[in-house]
Amino acid sequence: MSASPEAPLRVLFCIGVNQNFFDLPTGRSKIVWDGFTSMLGQLYELPGVTVLGTIDDDRHMVGPSDSWPWTCYLLADVADQPTVAAACDLFRTVQVGEHGLWRYMKIEARVGRPLPEPEATR
């Protein structure tokens, strides 16, 4: 089963926290959180992005996440590949002090399509 050409891409944005975040002096992490929430706001506002849900595992995972399992995830329907790239580029453009957000966090987009809905059981 293939998605129609007009169907949005189903994208899982996987977000990890880098060691640089944990190397910050105590009390300095709020500036990164402010940058992260700014990035989220901009991602939600990107034309062609419909956020379906989020999950944050920072209560059960402490330390950097360079790959799976990631610190948090955002599931969205996205219009096309350039919009997926624009969402990832927010990590380059959002500033955290004198650095980009990418200094402290990373993002990876997994692009696919929704599974078919199961038929209702009777």
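Just above sits the structure.
This one's a predicted model, so the numbers in the text were calculated from it and none came from an experiment.

A.B. asks: Which residues make up the overall build of the protein chain, and what are the values?
C.D. replies: When you go through the protein chain residue by residue, the secondary structure sums to three helices and six strands. Mapped in sequence order, the helices and strands of the protein chain form the string β-α-α-β-β-α-β-β-β. In the protein chain, which comprises 122 residues, the share counted as buried stands at 33%. Considering only contacts within the protein chain whose residues lie at least 6 apart along the sequence, 78% involve residues at least 24 apart. Of the roughly 8100 Å² of accessible surface on the protein chain, 55% is carried by carbon and sulfur atoms. Of the charged side chains in the protein chain, 10 are positive and 15 negative; the average position of the first set lies 3 Å away from that of the second.

A.B. asks: Please give an account of the packing of aromatic side chains that cites residues and values.
C.D. replies: Under the defined criterion, the tally for this structure stands at two aromatic pairs. Seen from their ring centres, phenylalanine 21 and phenylalanine 22 are 5.1 Å apart, and the 90° between their planes marks the pair as edge-to-face. You can call phenylalanine 22 partly exposed: its relative accessible area is 36%. Aromatic pair tryptophan 33 and phenylalanine 36: ring centres 5.7 Å apart, planes at 35°, arrangement tilted.

A.B. asks: Before we move on, could you go through the pattern of salt bridges and cite the residues and values that matter?
C.D. replies: With the rule as written, the count across this model stands at four salt bridges. Here arginine 10 and aspartate 77 are joined by a salt bridge, their closest N and O atoms 2.5 Å apart. Of this pair, arginine 10 sits in strand β1 (residues 9–17) while aspartate 77 sits in strand β3 (residues 72–78), and the two are 67 residues apart along the sequence. A relative accessible area of 16% places aspartate 77 in the buried class.

A.B. asks: So what's going on with the sheet that holds β1? Which residues, and what values?
C.D. replies: A sheet is described by the order of its strands in space; here four strands give the open sequence β2-β3-β1-β6, paired in antiparallel fashion. Where the open sheet ends on each side, the last strands, each with one partner, are β2 (49–56) and β6 (105–112). Put simply, the sheet's adjacent strands are angled 20° from each other on average, direction ignored. On top of the sheet, helix α2 (residues 30–45) reaches β1, β2, β3 and β6; it is set at about 145° to β2, its chief contact.

A.B. asks: Could you give me a rundown of helix α3 (residues 81–93), with the residues and numbers involved?
C.D. replies: Under the 1.5 Å per step criterion, the end-to-end length of α3 is 18 Å for 13 residues, consistent within 8% with the ideal 18 Å. All of the buried residues in α3 are Thr83, Val84, Ala87, Cys88, Leu90 and Phe91. Check the buried side of α3 and you find it contacts β1, α2, β2, β3, β5 (99–100) and β6.

A.B. asks: Lay out the environment of alanine 76 in plain terms, naming residues and giving numbers.
C.D. replies: Position of alanine 76 relative to the elements: it lies in strand β3. Alanine 76 gets classed as buried once you look at its relative accessible area, which sits at 0%. For the pair alanine 76 and threonine 26, spaced 50 residues apart in sequence, the C-alpha to C-alpha distance is 34 Å.

About the thresholds
- The numbering scheme is per chain: residues are counted from 1 as the chain's sequence reads.
- Where totals are concerned, whole chains, interfaces and linings use all residues; where local detail is concerned, this predicted model gives features only for residues with pLDDT of at least 70, and gives and counts side-chain atom pairs only at 80 or more.
- Here the side-chain values reflect all heavy atoms present in the structure, with hydrogen atoms and water set aside.
- Think of it this way: any DSSP run of H or I at least four residues long counts as a helix, any run of E at least two long counts as a strand, and we number them from the N terminus.
- For every residue, the accessible area (1.4 Å probe, protein chains only) is compared with the maximum for its type, and the residue is labelled buried under 20%, exposed over 50%, or partly exposed between those bounds.
- A contact between two residues is defined here by any heavy atoms of the two lying within 4.5 Å.
- A 1.4 Å probe and the Shrake-Rupley method give the accessible areas. Residues count as covered only by the protein chains that appear here.
- By the counting rule applied here, Lys and Arg register as positive and Asp and Glu as negative, while His and the ends of each chain are not counted.
- In plain terms, the charge of a residue is placed at NZ if it is Lys, CZ if Arg, CG if Asp and CD if Glu.
- Only centres within 6.5 Å qualify two rings of Phe, Tyr or Trp (six-membered ring in Trp) as a pair; their planes then separate them into stacked at under 30 degrees, edge-to-face at over 60, and tilted for everything else.
- Throughout this description, the term salt bridge denotes a Lys or Arg side-chain nitrogen within 4 Å of a carboxyl oxygen of Asp or Glu.
- Pairs of strands are assigned from DSSP output, requiring at least two bridges between the strands.
- Between the N-to-C directions of two axes lies an angle of 0 to 180 degrees, each axis being a line fitted to C-alpha atoms and, for a helix, fitted only over the stretch in contact.
- Take the number of residues in a helix, subtract one, and multiply by 1.5 Å to get its expected span.

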